[in-house]
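The primary structure of each chain is shown beneath.
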Amino acid sequence: MSVNPEALEPLRLGAASLGVTLDDAQLARFAALCDLLLDWNTRVNLTAITDPAEVVTRHFLDSLTCALALTPDERLHPIALLDVGSGAGFPGLPLAIAFPRWKVTLLEATGKKTRFQEAAIMTLKLTNARALNGRAEELARAPEHRGRYDVVTARAVAALPALLEYCLPFVRQGGVVIAPKKGELADEIIAGERAARLLGARLLDPIPVTLPPLGDDRVILAARAERPCPAQYPRAGGAPLKRPLGVEGRKDK
Ligand code: SAM
């Protein structure tokens, strides 16, 4: 099933309202990504969204909202970005298409999803993106990745405390973790604030996303790394999920 050029219009307009200009070549790459995703999705379970118009809004445009956490000036830099738990490449692939100066690394634990990411990078000739297969808790211990990224994104990977424990060890001092989120977040934000402090970071004010095609229950949460992340994080053996940092009643809080 091929994406209708009209279905790309909400993406072009939505991106423009985020301050992101997409030219025809970039829109053609988004169309090719949509085709590839829906083709692979008939064989490999990559996404529950199968309508091309919804792929365009709920995957592509939603991914680009991460840019709201960066100023127009910051977006011009050759940002080193890591997308943790990238799945079928979201938000990392749309960000790599929209910001060709950025160097985007996609990290995913499931091999078949990494293989899709590699196929997408090759098909779209995305020379500014690469795909890595592995778990965040393990890769974060490797010197070539620890503290090396300006921006780390994670969408739909975990609640904020575990997500920050996965992501902050990768961030350089002064860099940010960006997490697009939906729904009721009050408790998650309170625990996330405590977790961020333990991890050497500060949670920033939530940024509301007000893009008509996406509905109004989305926010961008971000945390800025103020000091190097303490060496004991991320904890091994599933601890970030089983004993989340900053959650009331835990001895880690
Ligand atoms: N970020 C994508 C998106 O928004 O479409 C995928 C979201 S999917 C619900 C969560 C993904 O995170 C899964 O593909 C899973 O394999 C991956 N994941 C979960 N924990 C991970 C970890 N610790 N390290 C690497 N990948 C992880």
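Look a little higher up for the structure.
Since we're looking at a predicted model, the values are computed, not measured.

Undergrad: Explain the packing of aromatic side chains to me, please; I cannot follow it from the model alone.
TA: Enumeration according to the criterion identifies five aromatic pairs in this entry. Their ring planes at 5° and their centres at 4.0 Å tell us that Phe99 and Trp102 sit as a pair that is stacked. Residue Phe99 shares its accessibility class with Trp102, and that shared class is buried.

Undergrad: Before we go on, may I ask you to explain the pairing of strand β2 (residues 103-108) in this structure?
TA: Along any regular strand the residues' side chains alternate between the sheet's two faces. β2 sits mainly inside the fold: five of its six residues count as buried. Alignment of β2 against strand β3 (residues 129-133), held across five bridges, turns out to be parallel. In the strand pairing of β3, Val104 is matched with Ala129. Where the polypeptide runs from β2 across helix α6 (residues 111-123) and back to β3, its parallel neighbour, the crossover connection is right-handed.

Undergrad: What exactly am I supposed to notice about the site of the ligand here?
TA: Contacts to the ligand come from 15 residues, most closely from Gly85, Phe90, Glu108, Glu137 and Arg155. Ala109 places a main-chain nitrogen or oxygen 3.4 Å from a nitrogen atom of the ligand. Here an oxygen atom of the ligand sits 2.6 Å away from a polar atom, N or O, in the side chain of Arg155. Taken by itself the ligand offers 600 Å² of open surface, and the protein chains cover 79% of this. Of the residues that constitute the shell around the ligand, the class distribution is five nonpolar, five polar and five charged.

Rules used in this analysis
Residues numbered from 1 in each chain as written. Predicted model: local features only at pLDDT ≥ 70, side-chain atom pairs only at ≥ 80, totals over all residues. Heavy atoms only, no water. Phe/Tyr/Trp six-rings, centres within 6.5 Å; stacked < 30°, edge-to-face > 60°. Buried < 20%, exposed > 50% of the residue type's maximum accessible area, 1.4 Å probe, protein only. Helix = DSSP H or I, 4+ residues; strand = E, 2+ residues; numbered from the N terminus. Pairing = 2+ DSSP bridges. Right-handed = clockwise from strand over helix to strand, strands pointing away. Near = heavy atom within 4 Å. Polar contact = N/O pair within 3.5 Å; in protein donor to acceptor, adjacent residues only side chain to side chain. Areas by Shrake-Rupley, 256 points an atom, 1.4 Å probe, with all protein chains shown as cover. Nonpolar A, V, L, I, M, F, W, Y, C, P; charged D, E, K, R; others polar.

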